Amino acid sequence: MRRLLGLLVQLPGKWRPVPPLKFKHTCPLVLSSSSLQADSTSNGTMNGTHSKKPLLSDPQLFEDQFDELLTELTERDLTDPVLADALRRMREVMVYNAPGGKRNRGLSVIGSLRELLPASELTQDTVQRALVIGWCIELLQAFFLMSDDIMDSSVTRRGQPCWYKKDGIGLDAINDAFLMEGLIYRLLRRHCRDQSYYVHLLELFTETSFQTELGQTLDLITAPPGQIDFNRFTMERYKAIVKYKTAFYSFYLPVAAAMYMAGITSDEEHNNAKYILLEMGEFFQIQDDYLDCFGDPAVTGKIGTDIQDNKCSWLVVTALEIMTAEQRAELETCYARHDEASIEKVKALYNTLQMPTLYHKYETESYQRLQKLIARHAQNLPHPIFLNFADKIYKRIK
C-alpha cells in the first residue's frame, strides 16, 4: 500500500509533494504493509522456531481471519443442536454482509497499531487480536448498513441487492442486523477479556454505537419522508449529523482501539486524535454525498438515493446557500420525488450551480486543514496513522 510520507498540496491535475512533517514520536515505527505474523529475529526464526512460510500482508491476514471467525462463531462457539438452523442463518448473514467493503475501518486497527508499537511487541497474539477487533468494527458497520438500508429503502449495497431485498428476507433483516451487533461483544469477550484494555474497548464500542445512533436520529428527523422543509437543511445541522453518524465510528473508533491496545489511555491524546479524525470523517461523508449523486454505480457498488430520499446532504445544503429564489422554488418542486424526471432536474440544477467544481475545491481545502491539524495535534502520535487514512479517502471514486 502506498504511503504518504510527505504532505500533498493539490495543483491543477496533479499532486505536488511538500516537505514531510517532522515526527516527534520516538518509538520505532513499522511502515511496511507486510505483516509480522509473530516475533521474528534477524536469523529468520519465529518465536524460536524456523519458519519457511512467507509473510502475509495485512489485507491477506485480515481475509484469513474472517474465515477463522466464521468457523469459530458458527461451529465452535454454541454447540446446542437446537440452534443449528439459527447458526446456519447467522453464517449466511455474516458471509453476505460483513465482507465486500473497502475494509478501511477494520484494517486501520492493525495499521495504526503498527505505527504505535515497536516490532518487538507485535507478537502473533497481539496481531491476531488487532485483526479480531478490526472485524468487530466491520460487523458494527454491517449492523449499521443493514439497518440504514431498510430505513432508506435502498436497493443495492456493495454491488449486490441489499440484504432485506433478497427473496425471503424482508424485515427479518432487522433481527439479522441485531445478530451482527451481538457478535461484536461475543468476540471481544472471547479474545480480549484477559487484556488490560478490555473495559476500554467495551466502553469505546458502546459509546461509539450510541453516538452513531444519535446521528442517525438527527438524520431521520431532519428530513422525514414526505415532508420537505429546507429551513431545516442548515450546514450546522448537516455537520452535526455527519460528526455523530459517520465520523466517530468510521475514523475515531479504529484508531482509538489501537491506541488502547498500545496502552495510550489519556484523554488528552485521545482528544488530539479526535480533532484530526473527525475532520477526515466530515470530508468522507461529504465525499460520500457527492458520489451518491455524481459517482458511477458500476464503480461505487450502489445506486444513489439521496435526492429521492429527501436527504440533508452536503450537495443540497451547499446549493441552498448559493441558489436564487427561482432556483430554490424549482428545487422544492423536484426534491424528494422518485420519478426520473424530477431526479434529473435536481442533478441539472446542481450542475448549473457548479457543484462538482465546489466539491473539488472543498476537497483541496479539507486536505490543507488536515495538514494543519496533524501539525498541531499529533505531536506525540505518529503522523502516518493519519496520513495513511488520508491516502485511502482523498481522491477516492467509490
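The shown structure was predicted, so the numbers you read here are calculated from the model rather than taken from an experiment. (Residues numbered from 1 in each chain as written. Predicted model: local features only at pLDDT ≥ 70, side-chain atom pairs only at ≥ 80, totals over all residues. Heavy atoms only, no water.)

(A) Main features of the overall build of the protein chain. In terms of regular secondary structure, the protein chain is built from 14 helices and 6 strands. Within the protein chain, the proportion of its 398 residues that are buried is 53%. Counted over contacts in the protein chain with a minimum sequence separation of 6, partners at least 24 positions apart contribute 75%. For the protein chain, the computed accessible surface area is about 18700 Å², with 53% contributed by carbon and sulfur atoms. (Helix = DSSP H or I, 4+ residues; strand = E, 2+ residues; numbered from the N terminus. Buried < 20%, exposed > 50% of the residue type's maximum accessible area, 1.4 Å probe, protein only. Contact = heavy atoms within 4.5 Å. Areas by Shrake-Rupley, 256 points an atom, 1.4 Å probe, with all protein chains shown as cover.)

(B) How the structure looks around the packing of helix H6 (residues 198-222) against helix H7 (residues 235-261). Running from amino to carboxyl end, H6 crosses H7 at an angle of 165°, the nearest separation of the two axes being 8 Å. The angle between H6 and H7 falls in the class roughly antiparallel. For H6 against H7, the interelement crossing comes out left-handed. Among the residues making up the contact of H6 with H7, the classes are represented as 15 nonpolar, 7 polar and 3 charged. (Axes fitted to C-alpha atoms, helices over the stretch in contact; angles between N-to-C directions. Parallel < 35°, antiparallel > 145°, perpendicular 65-115°, else oblique. Left-handed = near helix turned anticlockwise from the far one by under 90°. Nonpolar A, V, L, I, M, F, W, Y, C, P; charged D, E, K, R; others polar.)

(C) Seen up close, the nonpolar core. By size, the foremost hydrophobic cluster in this structure holds 114 residues, and its most contacted members are Ile133, Met280, Tyr350 and Phe386. Looking at this core element by element, the count peaks at 16 residues for H7. If sequence neighbours within four positions are ignored, isoleucine 133 has contacts with Val109, Leu188, Cys192, Tyr197, Leu201, Phe205, Ala257 and Met261. (Core = buried A, V, L, I, M, F, W, Y, C linked by side-chain atoms within 4.5 Å.)

(D) Up close: the packing of helix H10 (residues 314-322) against helix H13 (residues 355-377). Following both chains from N to C, one finds H10 and H13 inclined at 110°, their axes separated by 11 Å at the closest point. The pairing of H10 with H13 is recorded here as roughly perpendicular in orientation. Side by side, H10 and H13 meet where Trp314, Leu315, Thr318, Ala319 and Ile322 of the first sit next to Met355, Leu358, Tyr359 and Tyr362 of the second. Classifying every residue of the contact of H10 with H13 gives 8 nonpolar, 1 polar and no charged.

(E) Inspection of helix H3 (residues 104-116) at higher detail. Compared with the 18 Å implied by 1.5 Å per residue over 13 residues, the 18 Å span of H3 between its first and last C-alpha is a close match. Counted residue by residue, H3 has 12 buried out of 13 residues, so it is predominantly covered. Packed against the buried residues of H3 are helix H1 (58-77), helix H4 (124-152), H7, helix H8 (267-294) and helix H14 (384-393). (Expected span 1.5 Å × (residues − 1).)

(F) Spatial organisation of the side chain of asparagine 104. The topology assignment puts asparagine 104 in helix H3. Residue asparagine 104 is classed as buried on the basis of its relative accessible area of 16%. Aside from chain neighbours lying at most four places away, what touches asparagine 104 is Glu138 and Lys392.

(G) Representation of the side chain of arginine 114. Here arginine 114 lies in helix H3. A polar side-chain atom of arginine 114 sits 2.9 Å from a polar atom in the side chain of aspartate 58. (Polar contact = N/O pair within 3.5 Å; in protein donor to acceptor, adjacent residues only side chain to side chain.)

(H) Highlighting the packing of aromatic side chains. Summed over all chains, the structure comprises 16 aromatic pairs. Ring geometry for tyrosine 290 and tyrosine 359: centres 4.1 Å apart, planes at 5°, overall stacked. Here tyrosine 359 lies in helix H13 and tyrosine 290 lies in helix H8, a separation of 69 residues in the sequence. One aromatic cluster is present, built from ring pairs that chain together Phe283, Tyr290, Phe294, Trp314, Tyr359 and Tyr362. Sitting over the face of the ring of tyrosine 362, arginine 369 holds its NZ or CZ atom 5.2 Å from the ring centroid. (Phe/Tyr/Trp six-rings, centres within 6.5 Å; stacked < 30°, edge-to-face > 60°. Lys NZ or Arg CZ within 6 Å of the ring centre and 35° of its normal.)

(I) Inspection of unusual backbone geometry at higher detail. A positive phi angle, close to 55°, is found at serine 153, a residue other than glycine. By the secondary structure assignment, serine 153 is in the loop between H4 and strand E5 (156-157). A positive phi angle is found at alanine 336, which is not glycine, with a value near 70°. Position of alanine 336 among the secondary structure elements: in the loop between helix H11 (325-334) and helix H12 (340-352).

(J) Main features of a nonpolar patch on the surface. On the surface, Leu78, Val82 and Leu83 cluster together into a nonpolar patch covering about 240 Å² of accessible area. Of the residues examined, valine 82 reaches a relative accessible area of 67% and is grouped as exposed. (Patch = residues over 30% accessible without salt bridge, like charges linked within 9 Å, V, L, I, M, F, W, Y side chains within 5 Å. Salt bridge = Lys/Arg side-chain N within 4 Å of Asp/Glu carboxyl O.)

(K) Local environment of the pattern of salt bridges. Counted under the stated rule, the structure contains 19 salt bridges. When the shortest N-O distance is used, the salt bridge between glutamate 68 and arginine 76 registers 2.5 Å. Residue classification places glutamate 68 among the partly exposed residues on the basis of a relative accessible area of 34%. Under the relative-accessibility criterion, arginine 76 is labelled partly exposed at 45%. One salt-bridge network, in which partners are shared between bridges, spans Asp148, Asp152, Asp219, Lys245 and Lys311.

In short, geometric facts, not functional conclusions.
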